[in-house]
Amino acid sequence: MLVPGYRDHPTEPWDLNAPVDPGEAEDFLRRCYQENPRLGPVEPRLAVVRAQIAATGSYAHTTEELAHGARMAWRNASRCIGRLYWRSLMVLDRRRARTADQIYSLLVQHLQTADAGQLRPVISVFAPAQPGRPFARVWNEQLIRYAGYRTGTGRPLGDARQLGLTDAVRGFGWRGKGEAFDVLPLVIETPADGIRLYELPERAIREVPLTHPEFGWFAELGLRWHAVPAIANMRLTIGGVHYPLAPFNGWYMGTEIGARNLADADRYDMLPLVAARMGLDTSRESTLWRDRALVELNRAVLHSFEQAGVKMSDHHTESRRFIAHLRNEEKAGRPVPADWTWIVPPMSGGITPVFHRYYEELDLRPAFYLDDEAADLARGCPVVRRTR
Ligand code: ARG
């Protein structure tokens, strides 16, 4: 679907060897300078960028362009319900880092910056990919994730979503404690140092043990979750320039943990256990034991984060904020691309306002993309024939 004045980008393969598309660069720069009058006139800047692209196949963003471009990418993230605060994204320009050690220490700094008192949205932008040249990346899908171990019983221990990556890092020599919430090491791959594993220091990992406001036994389940969701393997693309390493974080909405990570049958699969401890009749679906256990699990998540003083929002509040975001953007004359299947919370959808409407589905840039290759690496499957 095309909105006047906006280029729609039908999903196309990312060609690592292609030079930057000057049209996309111009499109971004015009919008960036129009949205930020204090940056001055765009025409002289366009002339410089066109010349740089002609000479080198790429161009370098100014710090301001990078910052606004990253914020625009968040604004355009059609699966994200939390976009009301897109302007507040803190952008750390890490384009000079090259070695795995440098990158690692900046990733630790990222987590500490994100969690200094109140959680705040932060992105660290590392070097862009130069056409046809290898680049640094992190294999992990998030900076903090829990290992998943195969047990031979058919029921994995830990986060089953991480079975593949856990196998891979064990293949590289890592040994976890073999418990349900072992934080995985970071797998940092750079042209300079190859593949290296790094253990995050405790100071970079805040976790919240889960308790329930009424059920004393809940703590005995030994559940916990990390405070900061920090996506590490999506490519940020701004004005035709690709940043394959640009980890970003926000704060959690409770259902991400309570209605997905801990509830999904192919993740921690906790509903049967919670229902059993609640003494529910699980012999028939029509007792709604799953739904009742789900509500209590989600109450525990929200309650525990609140008690720990870690910022988190509930799905009712976040839905209302998203509606406010839609109104703001409409006033600004901008479309809000949104994917209903991701925006509607994974529980109680129909009693949140985001359920009761349709959204525009647009691929607007700047944007974040999850490349197939990045997704494979996060599953611990090194791609045999990498395009480089
Ligand atoms: N759903 C993912 C998780 O459970 C995190 C995705 C990003 N979420 C966020 N609130 N920024 O870890």
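A few points about the pattern of salt bridges
What the rule picks out here adds up to 30 salt bridges. Between R30 and E26 there is a salt bridge; the shortest N-O distance is 3.0 Å. Taken together, the positions of R30 and E26, both in helix α1 (residues 22–35) and four residues apart, correspond to about one turn of that helix. Owing to a relative accessible area of 26%, E26 belongs among the partly exposed residues under this scheme. For E373, the salt bridge identified is with R137, shortest N-O distance 2.7 Å. Separated by 236 residues along the polypeptide, E373 in helix α11 (residues 372–378) and R137 in strand β5 (residues 137–138) bring together distant segments of the chain. You can call E373 buried: its relative accessible area is 17%. Its relative accessible area of 5% is what places R137 among the buried residues.

Points about the site of the ligand
In the region of the ligand, the neighbouring residues are Q142, R145, P229, I231, G250, W251, Y252, E256 and N261. At a separation of 2.6 Å, an oxygen atom of the ligand approaches a polar side-chain atom of Y252. Computed on the free molecule, the ligand has an accessible area of 350 Å², of which 72% lies beneath the protein chains in the complex.

Details of the sheet that holds strand β8 (residues 186–190)
Ordered by their spatial adjacency, three strands build an open sheet running β5-β8-β9, and the pairing between neighbours is antiparallel. Each of the sheet's edge strands pairs with one partner strand only, and the pair in question is β5 and β9 (194–198). The sheet contact formed by β8 and β9 spans five bridges and is antiparallel. Bridge pairing in β9 places E189 opposite I195. Each of β5, β8 and β9 is contacted by helix α4 (residues 100–114), which is oriented at about 140 degrees to β8, the strand it contacts most.

Some details on the sheet that holds strand β4 (residues 122–125)
If you trace the four strands from one edge of the open sheet to the other, you get β1-β4-β15-β12, paired in mixed fashion. Both outer strands of the open sheet, β1 (90–93) and β12 (230–231), are each paired with one neighbouring strand and no more. Across the sheet, helix α3 (residues 63–75) lies against β1 and β4, angled at about 135 degrees from β1, the strand it touches most. Sheet contacts for α4: β1, β4, β12 and β15 (248–249); angle to β4, the most-contacted strand, approximately 160 degrees.

A look at the packing of aromatic side chains
With the rule as written, the count across this model stands at 13 aromatic pairs. Relative to F181, the ring of Y146 has its centre 5.1 Å away and its plane inclined at 85 degrees; by these criteria the two rings are edge-to-face. Linking Y146 in the loop between β5 and β6 (148–149) with F181 in the loop between α5 (163–171) and β8, this pair joins segments that are 35 residues apart in sequence. According to the relative accessible area criterion, F181 is buried, its value standing at 12%. Seen in terms of ring centroids, F248 and F368 are 4.5 Å apart; in terms of plane orientation they differ by 40 degrees. Their pairing is tilted.

What counts as what
Residues numbered from 1 in each chain as written. Predicted model: local features only at pLDDT ≥ 70, side-chain atom pairs only at ≥ 80, totals over all residues. Heavy atoms only, no water. Salt bridge = Lys/Arg side-chain N within 4 Å of Asp/Glu carboxyl O. Helix = DSSP H or I, 4+ residues; strand = E, 2+ residues; numbered from the N terminus. Buried < 20%, exposed > 50% of the residue type's maximum accessible area, 1.4 Å probe, protein only. Near = heavy atom within 4 Å. Polar contact = N/O pair within 3.5 Å; in protein donor to acceptor, adjacent residues only side chain to side chain. Areas by Shrake-Rupley, 256 points an atom, 1.4 Å probe, with all protein chains shown as cover. Pairing = 2+ DSSP bridges. Contact = heavy atoms within 4.5 Å. Axes fitted to C-alpha atoms, helices over the stretch in contact; angles between N-to-C directions. Phe/Tyr/Trp six-rings, centres within 6.5 Å; stacked < 30°, edge-to-face > 60°.

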